[in-house]
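Examination of the molecular architecture
Chain residues, written in single-letter form:
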Amino acid sequence: MKKLLSLVAVLGLSIAGLTACSNTDKAEAAISISEPVVRAIDDISPKNEASGKYMTGSFMTIANSSDEDITLTGGSSDVAGVIEIHEVIDGSMLPMAEGLVIPANGDVKLRMGGYHVMLMELNSELKAGDEVTVTLKFSDGSTADYTAPVKTIAMDDEVYGVEMTP
Amino acid sequence: MKKTSAIVLAILVGVLALVANQIAAPWNNSESDLGSRTVPFYGAHQSGIEMQRQANVTLIALNLIEGSDIESVGRMMRVWTSDAALLTQGKPLLTDSQAEMAENPANLTITFGFGYSLFEKIGKPELWPIAETAIPAYKIDKLEGRWDSGDVLIQVSGDDPNSVFHAVHELVRDGAPFATLAWQQRGFVNAAGVNEGEDSRNLLGQIDGTANAKVGTPEFAERTWVQDGSLANGTTMVIRRTRMNFGTWDKLSTTKKDAALGRTLADGAPLSGGDINTPMDFGAQNHEGEPAIPDNAHAKLAFTDNNQGITRRGWNYDDGYSVDGTHDAGLIFTAFQSDLERYLKIQAILAEMDALNIWTTPVGSALFVIPAGVTEGEWVGQSLLEP
């Protein structure tokens, strides 16, 4: 298994190298998004009290195959009025004003309890099995689309900074 | 200096002892890449049927929660299809609760089916694709009501029990917004690499699956896959849990055991002579002038010709010993057929006359349809529910 993984890693790097050299529109090809998912709305999903609309997280792995860092700055979607990039620090969810840096020739895993794309001001209560399309925006002016299944995700309340009530 | 030498010597002796121990180890199971092997998920047919049985299976049946409709079933199958496409390829789900357990799929396959009750519950009985809605009751049946129906069937098979456990766990969890577990059955055959290319034995010691069509042949396709209609490229699946009565079987002579099956326990050859691949000769007589293959022998009664065959994929089960000392073990008989009529014809005859009925008791009986396979972007069952 380890052997296979390192082979995959070597292949991945060489493909990334080729893409960076041959592609003139480097930004379009540089970013790739794998296995995205959106968390279904449930009874611990936070709401914007003012608008009464739900918000939820989207998780994925974002890879950057270029030789320069690229920053994820925001996004848009038909299902959400606002999209922000967030991280969880000490149990509190905070917007990342500077965006999220995807390092050159590296990737960042957006996971429960860590970095996530926050879909806010939702137009509907997303249910398990729905599909959501999101366009992410990056510092170099490029965009990347993904379509993610909505799934129920069991998680600690800490992801939204909500105190657990015993 | 002396002290250092002594330590070096001690280390050397230790290393040598370790090496010697390795060489002398009386087992060797280290040469396999089995853990990383995968079976393609996408294709014309669902995987997990037209292939040699993996070592382990877990069959689970789930019932839709109240208030389900065709739209929620579609969302459920979208979630499960995307889960299965990842897990069978050794990729953890992003939401995986134990991601590392997904890394050794070992030929994991995940196959989905629907029961008639699903179509009833969502108010679409007209979409059920075949005439029969259940397996009829047979006089040999002693059904316990625990394994007889279900809205959705998931067959999870693989050569590694950890990987099978993990897939079942993730699927049930992701299915929780839609359906709850009705029953599960766990079975096994030979481990991968044991008895390669031959059929595994059932727990009565008989070679099981003889006369199945070979995987990849037109005969297999003809027996198994539905040709047209909304179930095209799908099939029908019968699951009969059959408890074996070992008490009397264990006392039986080999000759009588052979006679009950119509084939030898030793190598599966018909009692009319030849080897396991020799066609049965029902006219052949033994030295007493009796039919060599008795009229009530299982293999004779189950024999079909003129393209009436089915595909049997049985799994042994072992639920351990009961307090009274009886062994609760047997066969999870599963059969796939392009036309359910074929199975029903065979089973009706077996139920009346089969010599093996003395030692086998059906305790569960269920029918599902298995929709066609999918390509990326589709969900399993779409062909039935969005015809």
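Bear in mind the structure is a predicted one, so any value in this text is a computation, not a measurement. (Residues numbered from 1 in each chain as written. Chains lettered and ligands numbered in written order. Predicted model: local features only at pLDDT ≥ 70, side-chain atom pairs only at ≥ 80, totals over all residues.)

Looking now at the overall build of chain B. Of the regular secondary structure elements, chain B holds 10 helices and 9 strands. The principal-axis extent of the C-alpha atoms belonging to chain B is close to 90 × 65 × 45 Å. With 387 residues in all, chain B has 43% of them scored as buried. Contacts in chain B between residues far apart in sequence, at least 24 positions, make up 77% of those at least 6 positions apart. (Helix = DSSP H or I, 4+ residues; strand = E, 2+ residues; numbered from the N terminus. Buried ≥ 20, exposed ≤ 12 C-beta atoms within 10 Å, placed from the backbone. Contact = placed C-beta atoms within 7 Å.)

Here we come to helix α4 (residues 161-175) of chain B. For α4 of chain B, spanning 15 residues, the distance from its first C-alpha to its last is 21 Å, which sits close to the expected 21 Å at 1.5 Å a residue. Where α4 of chain B is buried, its residues meet β12 (143-151) of chain A together with β1 (56-64), α2 (70-87), β2 (109-114), β3 (152-158) and β4 (179-188) of chain B. (Expected span 1.5 Å × (residues − 1).)

Okay, α2 of chain B next. Here α2 of chain B spans 25 Å end to end across 18 residues, near enough to the 26 Å set by a 1.5 Å rise per residue. For α2 of chain B, the buried fraction is high: 13 of the 18 residues fall into the buried class.

In summary, soluble globular proteins display a tendency toward joint burial of nonpolar side chains. Leu119 of chain A together with Leu87, Val152, Ile154, Ala167 and Phe368 of chain B are the most contacted members of the largest nonpolar core, which totals 117 residues. At 8 residues, the largest contribution of residues to this core is made by α2 of chain B. (Core = buried A, V, L, I, M, F, W, Y, C linked by C-beta atoms within 7 Å.)

Residues and elements named next belong to chain A. Mean pLDDT for chain A: 81, with 75% of residues reaching 70 or above. Mean pLDDT per element in chain A: helix α1 (residues 2-22) is the minimum at 40, and strand β8 (residues 100-102) is the maximum at 97. Low confidence marks residues 1-27, where pLDDT is under 50. Its contacts with residues over four positions away, or in another chain, come to 19 contacts. Contacts of residues 158-166 to residues separated by more than four positions or lying in other chains number 16 contacts, the stretch itself having pLDDT below 50. (pLDDT = per-residue confidence, 0-100.)

Let us look at the interface of chain B and chain A. Every contact between the two is made by 15 residues of chain B and, on the other side, 14 residues of chain A. A per-element tally of the side of chain B that touches chain A places α2 of chain B first, with 6 residues. Residues belonging to the side of chain B that touches chain A are distributed by class as follows: 5 nonpolar, 6 polar and 4 charged. (Nonpolar A, V, L, I, M, F, W, Y, C, P; charged D, E, K, R; others polar.)

A residue-level look at chain B finds 92% of positions with pLDDT of 70 or above and a mean pLDDT of 92. Across the whole predicted complex the pTM is 0.85, and at the interface the ipTM reaches 0.72.

The relative placement of two packed helices comes down to the angle between their axes together with the axis-to-axis distance. Residues and elements named next belong to chain B. Put simply, α2 and α4 touch, their axes get as near as 10 Å, and they point 160° apart. Between α2 and α4, the angle falls in the class roughly antiparallel. The way α2 lies across α4 gives a crossing that is right-handed. For the pair α2 and α4, the contacting residues are Met76, Val79, Trp80, Asp83 and Leu87 in the first and Ala167, Glu170, Leu171, Asp174 and Gly175 in the second. Of the residues contributing to the contact of α2 with α4, the split by class is 6 nonpolar, 1 polar and 3 charged. (Axes fitted to C-alpha atoms, helices over the stretch in contact; angles between N-to-C directions. Parallel < 35°, antiparallel > 145°, perpendicular 65-115°, else oblique. Left-handed = near helix turned anticlockwise from the far one by under 90°.)

Here we come to the environment of Phe246 of chain B. Residues and elements named next belong to chain B. Looking at the secondary structure, you find Phe246 in helix α6 (residues 246-249). A tally of 16 C-beta atoms within 10 Å means that Phe246 is categorised as partly exposed. Separated by 42 residues in the primary sequence, Phe246 and Leu204 place their C-alpha atoms 7.7 Å from one another.

All names here are of chain B. For strand β8 (residues 327-337), the buried fraction is high: 8 of the 11 residues fall into the buried class. Summarising the sheet, strand β7 (residues 315-321) and β8 pair through 5 bridges and their orientation is antiparallel. Bridge pairing links Asn316 to Leu331 in β8. Taken together, β7 and the strand that follows it, β8, pair antiparallel across an intervening segment of 5 residues, in which Gly325 is found at a positive phi of about 95°. (Pairing = 2+ DSSP bridges.)

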